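Here are the chains, one letter per residue:
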Amino acid sequence: MLTRLHRSLLRALPLPFVAALVTLLFLLLMQFLINYLPDLVGRGLPVVAVAELVAYSLAYMVTLAVPMAWLIALLAAFGRLAETRGYLVAKSAGVSLVRLAWPALAIGVLLTAGMAYFNNEMLPEANYRMNGLWRDIRVSRPGFALTPGEFYTGVNGYAIRADAIPPDSAGLLVGVTVFESRSPTGGSATLTAARARLQSQYGGQRLTMLLEDGQIDRRTPGGQADSYERIAFDRYRMAFDLSGLTSFERRDSEGGSRTDRSMRTSEMLAVVDSLDRTAGAQADTVRATLERLGQSWGDVRPATAWAPRDTSGAAPTLGTHRAVLDGLDDPGREAAYDLALQRARSVRATAQTAAASLDWERQRADRFRVEIYKKNSIALACLVFVFVGVPLGLAVPRAGVGVVATLAVGVFLFYWITLVQGEKLADRGMLPPWLGMWAANVIVGVLGVYLVTRETRDPAWRDPIRALAGRFKGRG
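Predicted model, so just to flag it, every value in this text is computed and none were measured.

About the cut-offs
- Residues numbered from 1 in each chain as written.
- Predicted model: local features only at pLDDT ≥ 70, side-chain atom pairs only at ≥ 80, totals over all residues.
- Heavy atoms only, no water.
- Helix = DSSP H or I, 4+ residues; strand = E, 2+ residues; numbered from the N terminus.
- Buried < 20%, exposed > 50% of the residue type's maximum accessible area, 1.4 Å probe, protein only.
- Areas by Shrake-Rupley, 256 points an atom, 1.4 Å probe, with all protein chains shown as cover.
- Phe/Tyr/Trp six-rings, centres within 6.5 Å; stacked < 30°, edge-to-face > 60°.
- Lys NZ or Arg CZ within 6 Å of the ring centre and 35° of its normal.
- 1 Å grid on protein atoms, 1.4 Å probe; cavity = no way out; pocket = protein on both sides within 12 Å on 5 of 7 lines; lining within 4 Å.
- Points joined across faces, edges and corners; volume = space filled by probe spheres on them.
- Nonpolar A, V, L, I, M, F, W, Y, C, P; charged D, E, K, R; others polar.
- Axes fitted to C-alpha atoms, helices over the stretch in contact; angles between N-to-C directions.
- Parallel < 35°, antiparallel > 145°, perpendicular 65-115°, else oblique.
- Salt bridge = Lys/Arg side-chain N within 4 Å of Asp/Glu carboxyl O.

(A) Structural context of the overall build of the protein chain. Along its length, the protein chain carries ten helices and five strands. Relative to its 476 residues, the protein chain shows a buried fraction of 40%. When the accessible area of the protein chain is evaluated, it comes to approximately 26100 Å², of which 59% is carbon and sulfur surface.

Spelled out as structure tokens, the structure:
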């Protein structure tokens with residue numbers, strides 16, 4: 001019987017997992033395209049480059065979608081198990097919840113290991129390549145696109161402006177101004193026209209503008225003085241070469257520096273080790289400088305207190321119990337004291353600089369630690385969600401897709417908000433990196449252990465959740 005239940009459970013997990021994963025990836029991909037589509041349109045990008053960018057962006061989407069899809073699959077599979085009375089029969093036969101759910105636990109371990117490898121090795125490389133591709137896209141020149149009332153300077157040597165572009169006018173422009181800084185005569189020219197019509201040729205590589213009812217004001221440099229002429233026209237044709245606007249070139253993918261988001265964990269560990277050694281050296285410098293500061297101050301501090309300088313500028317009364325000051329008159333003693341005070345201030349400034357450098361090195365190391373812990377924390381969520389998904393799935397038998405999705409979204413949102421807030425606090429130095437990144441797993445894990453314990457000891461505790469699920473079903 002237990003073997004049949006395990007087989008039934010293993011057959012029930014893949015379908016909701018795949019369906020949830022595909023749905024989540026689709027939603028995340030649509031959000032990506034909505035946000036970044038304006039940066040992609042009009043740049044003459046080849047289809048391969050766009051497909052490559054989408055493929056790289058899927059990497060971080062997989063990092064988010066897999067744990068949530070796994071949680072949805074657990075809720076659906078164990079809810080189905082409770083609905084078919086399989087769990088009730090197994091419990092009546094003395095089968096514990098742990099024995100029943102160990103296949104899900106084993107799959108959670110495998111998913112955790114797989115996501116740990118993916119997050120630590122594949123995700124940074126995808127981020128690095130995506131950053132390089134974005135860099136190439138953003139330096140490529142956009143295609144010809146006029147905005148009413150604004151000058152377009154994408155064509156070398158020209159600035160083009162149109163007061164209005166009537167919709168559905170087949171390339172008609174109204175109130176056209178063209179500044180030409182590279183005229184054939186070597187000077188500059190300004191063309192104004194009441195109207196102009198645009199026509200694209202040779203697959204968008206060449207643009208022809210037919211201007212109507214306008215004039216040309218041209219200035220030509222001369223030997224003694226510049227010449228100026230004005231020419232009125234009924235029609236004037238201009239041609240622009242747009243072949244350079246749609247050029248897109250891929251640079252070396254290995255170029256550019258890596259950040260914490262695009263470095264593998266092994267590389268970040270090496271950086272953290274180097275930063276720790278540098279911070280240790282800075283700490284030694286601070287300690288040594290502070291010791292020098294204390295010694296310098298102790299050598300020159302008078303045995304008796306200095307009298308404060310009054311507003312008249314009179315010199316303070318100096319203590320006379322230091323052997324180093326014996327034989328000096330009051331001005332000499334004051335000069336010696338001022339020199340020592342300058343030395344102390346110089347040493348203190350050095351100590352402050354070293355302390356600031358020490359804090360900077362530690363902050364850099366902590367940012368890398370935060371990223372390391374974050375990658376592994378998200379991977380471990382696949383295992384932690386087993387302890388939450390199993391008892392919650394058993395608590396909502398006959399629950400529809402809406403209830404399962406609501407529970408999954410609620411748990412995952414709580415987990416994700418806790419993780420993000422922990423990351424922010426850790427980046428600001430308000431929490432240790434390990435605490436900020438592992439707090440979400442600890443909180444959700446403790447909640448899961450509590451639910452498993454309650455489910456094992458007292459199945460009647462599920463009644464409030466059943467009532468809540470019934471309300472959702474009634475509203476649906």
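(B) Quick look at unusual backbone geometry. Here Asp213, not a glycine, exhibits a phi torsion of approximately 55°, which is positive. Here Asp213 is to be found in strand S4 (residues 206-220). A relative accessible area of 42% means that Asp213 is categorised as partly exposed.

(C) Just the packing of aromatic side chains, in detail. Summed over the entire model, instances satisfying the criterion amount to ten aromatic pairs. Measuring from centroid to centroid gives 5.5 Å for Phe151 and Phe179, while their planes differ by 35°, and the two rings are tilted. Residue Phe151 is located in the loop between helix H5 (97-139) and strand S1 (158-164), and its partner Phe179 is located in strand S2 (residues 172-180); the two are separated by 28 residues in the primary sequence. The exposure class assigned to Phe151 is partly exposed, which follows from its relative accessible area of 42%. In this structure, Arg161 packs its charged tip against the face of Phe151, placed 5.9 Å from the ring centre.

(D) Layout of the layout of surface pockets. One number sums up the size of the largest pocket: a volume of about 570 Å³. Along the wall of the largest pocket there are 21 residues; nearest its centre are Tyr60, Leu123, Asn127, Met130 and Arg261. For the lining of the largest pocket, the elements supplying multiple residues, two or more each, are helix H2 (14-40), helix H3 (47-83), H5 and helix H7 (330-395). Of all the elements, H5 adds the most residues to the lining of the largest pocket, at seven residues. Across the lining of the largest pocket, the residue classes tally to ten nonpolar, six polar and five charged.

(E) Spatial organisation of the packing of H7 against helix H9 (residues 433-457). Viewed as axis vectors pointing N to C, H7 and H9 meet at an angle of 10°, and their least axial separation amounts to 8 Å. Here H9 runs roughly parallel to H7, going by the angle between their axes. For the contact of H7 with H9, the per-class residue count stands at 19 nonpolar, five polar and four charged.

(F) Up close: the pattern of salt bridges. In this structure the tally under the stated criterion is 17 salt bridges. The partner of Glu212 in a salt bridge is Arg195, with the nearest N and O atoms 3.2 Å apart. Separated by 17 residues along the polypeptide, Glu212 in strand S4 and Arg195 in strand S3 (residues 188-201) bring together distant segments of the chain. Note on Arg195: relative accessible area 31%, which makes it partly exposed. Residue Glu229 is joined to Arg218 by a salt bridge in which the shortest nitrogen-to-oxygen separation is 3.5 Å.

(G) Molecular detail of the environment of Arg364. Along the chain, the position of Arg364 falls in helix H7. For Arg364, a relative accessible area of 29% translates into the label partly exposed. It is 7.6 Å that separates the C-alpha atoms of Arg364 and Leu275, two residues lying 89 residues apart in sequence.

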